[in-house]
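# Observations on chain architecture
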Amino acid sequence: MGQYGLSRSPVFKESGDIYETSPFGMRTLGGKTCKHYGVDVVRYVGYNTTATIVAIADGKVTAVKNTVTGVDHRRNLEGNFVTIDHGGGMVTKYFHLKHGSIPASIRVGTTVHKGDTIGYMGNTGDSYGAHLHFQLEQNGQAIDGAPYLRGQKTISTLESDLTVLQQCGVINSPAYWLQTAPKVQYLPELIHNMAVKLQ
Ligand SMILES: [Zn+2]
């Protein structure tokens, strides 16, 4: 059933046996200690490692690379990747994607929704077997993405915050506020703080 009994992760489209093969933080590889800025995660089905990688929350694509054909331990360390800006200072990065697997529709500026396919798990760049390096950044600093990979925490967006407010009866037209709030300074922040309190 995978590590911690995990058979699903919001970063994979399909269920399977899911293992975190290398955690966030300091690690020693080949006698060298350095910081690992992401969480490495693998989805197994029997002995096979295949997985469709999906956006973990709504956002906008800020970078795409799809030209790395295989393993490369010297240059192109991230391999093929997609990065997504979720607003509120939250960014996610998905490294080592399979060559040619990133859909043509995923380009810089593309709006993605939670669950949209952004590529396939692969073995490109500084990688020793198919896996996903999932990196979460808050205001430019890498933080531990594991609780998000396990579905214990979710990245909130203006849209998800408004859904909370609607469910609590604070507003009745999320679509209106989705249009209006970004135009008013501090309003998205106020909405977010309310949503956190109400959740
Ligand atoms: Zn990694």
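Predicted model, so just to flag it, every value in this text is computed and none were measured. Each chain has its residues counted from 1, running along the sequence as written. A pLDDT threshold of at least 70 governs which residues receive local features in this predicted model, and a stricter bar of 80 or more applies before side-chain atom pairs are shown or counted, although totals over entire chains, interfaces and linings include all residues.

Another aspect to go through is the overall build of the protein chain. Helix and strand content of the protein chain: four helices and 12 strands. Here the C-alpha radius of gyration of the protein chain, 18 Å, is about what a compact globule of 199 residues would show, namely 16 Å. With the C-alpha coordinates of the protein chain rotated into their principal frame, the extents come out at 55 × 35 × 30 Å. A pair of residues counts as a contact when their C-beta atoms, built from backbone coordinates, are within 7 Å of each other. Look at the contacts in the protein chain between residues 6 or more apart in sequence, and 62% of them connect residues 24 or more apart. Each helix is a run of H or I in the DSSP string that is no shorter than four residues. Each strand is a run of E no shorter than two, and both are numbered from the N terminus. The size measure is the radius of gyration over C-alpha atoms, and the globule rule it meets is 2.2 Å times the number of residues to the 0.38 power.

Interfaces are often described in size by the accessible area the parts lose on coming together. Residue ranges assigned to each domain were obtained from an automatic or database domain assignment. With domains assigned, the protein chain is organised as domain 1 (3–149) and domain 2 (158–198). Its C-alpha centre places domain 1 at a distance of 29 Å from the equivalent point of domain 2.

The next point concerns helix α4 (residues 187–198). A helix is expected to reach a length of 1.5 Å times the quantity of its residues less one. An ideal rise of 1.5 Å per residue puts 16 Å on 12 residues; α4 measures up with 16 Å between its terminal C-alpha atoms. The burial criterion counts other C-beta atoms lying within 10 Å of a residue's C-beta, which is placed from the backbone; the residue is buried at 20 or more, exposed at 12 or fewer, and partly exposed between these limits. Along α4, the residues that are buried comprise P188, I191, H192 and A195. Considered in projection along α4, the buried side chains sweep an arc of 100° and stay on one side of the axis. Opposite the buried face of α4, by more than 90 degrees, sit the exposed residues N193 and K197. Of the surrounding secondary structure, the elements contacted by the buried residues of α4 are α2 (158–167). Note: the arc covers the axis-to-C-beta directions of the helix.

This part is about the pairing of strand β6 (residues 59–65). Note that β6 and strand β9 (residues 111–112) share two bridges and pair antiparallel. Residue pairing across strands places K60 opposite T111, the latter belonging to β9. Pairing between two strands requires that DSSP report at least two bridges joining them. Here β6 runs beside strand β7 (residues 80–87); their pairing, made up of five bridges, is antiparallel. Considered in β7, the bridge of K60 is made with D85.

The next subject is unusual backbone geometry. Although it is not a glycine, H96 sits at a positive phi angle of roughly 70°. Position of H96 among the secondary structure elements: in strand β8 (residues 90–97). Given 26 C-beta atoms within a 10 Å radius, H96 is considered buried. If you check the backbone angles, Y186 has positive phi at about 75° while not being a glycine. Mapped onto the elements, Y186 comes out in the loop between α3 (174–180) and α4.

Take α2 next. Because each turn of an α-helix spans 3.6 residues, side chains separated by three or four positions end up pointing in the same direction. What α2 keeps buried is the set L158, D161, L162 and V164. An end-on view of α2 places all buried positions within 155° of arc, on one side of the element. Along its buried surface, α2 packs onto β7, α3 and α4. In the segment just after α2, G169 is the residue with positive phi, at about 80°.

Nonpolar cores are identified as sets of buried Ala, Val, Leu, Ile, Met, Phe, Trp, Tyr and Cys residues joined via C-beta atoms within 7 Å. In terms of nonpolar packing, the biggest core is built from 32 residues, with V11, V41, I53, V82, Y94 and I118 touching the most fellow members. Of all the elements in the fold, those that place two or more residues in this core are β4 (39–44), β5 (52–54), β7, β8, β11 (132–138) and α1 (146–149). If we skip the residues at most four places from it in the chain, I53 touches V11, F12, Y94, L97, I118, G119, Y120, M121 and L132. The next biggest cluster of nonpolar side chains, apart from the first, holds six residues, and it includes L158, W177, I191 and A195.

The next point concerns the environment of S160. Here S160 shows up in helix α2. A sequence separation of 35 residues divides S160 from A195, and the C-alpha atoms of the two residues are 8.7 Å apart.

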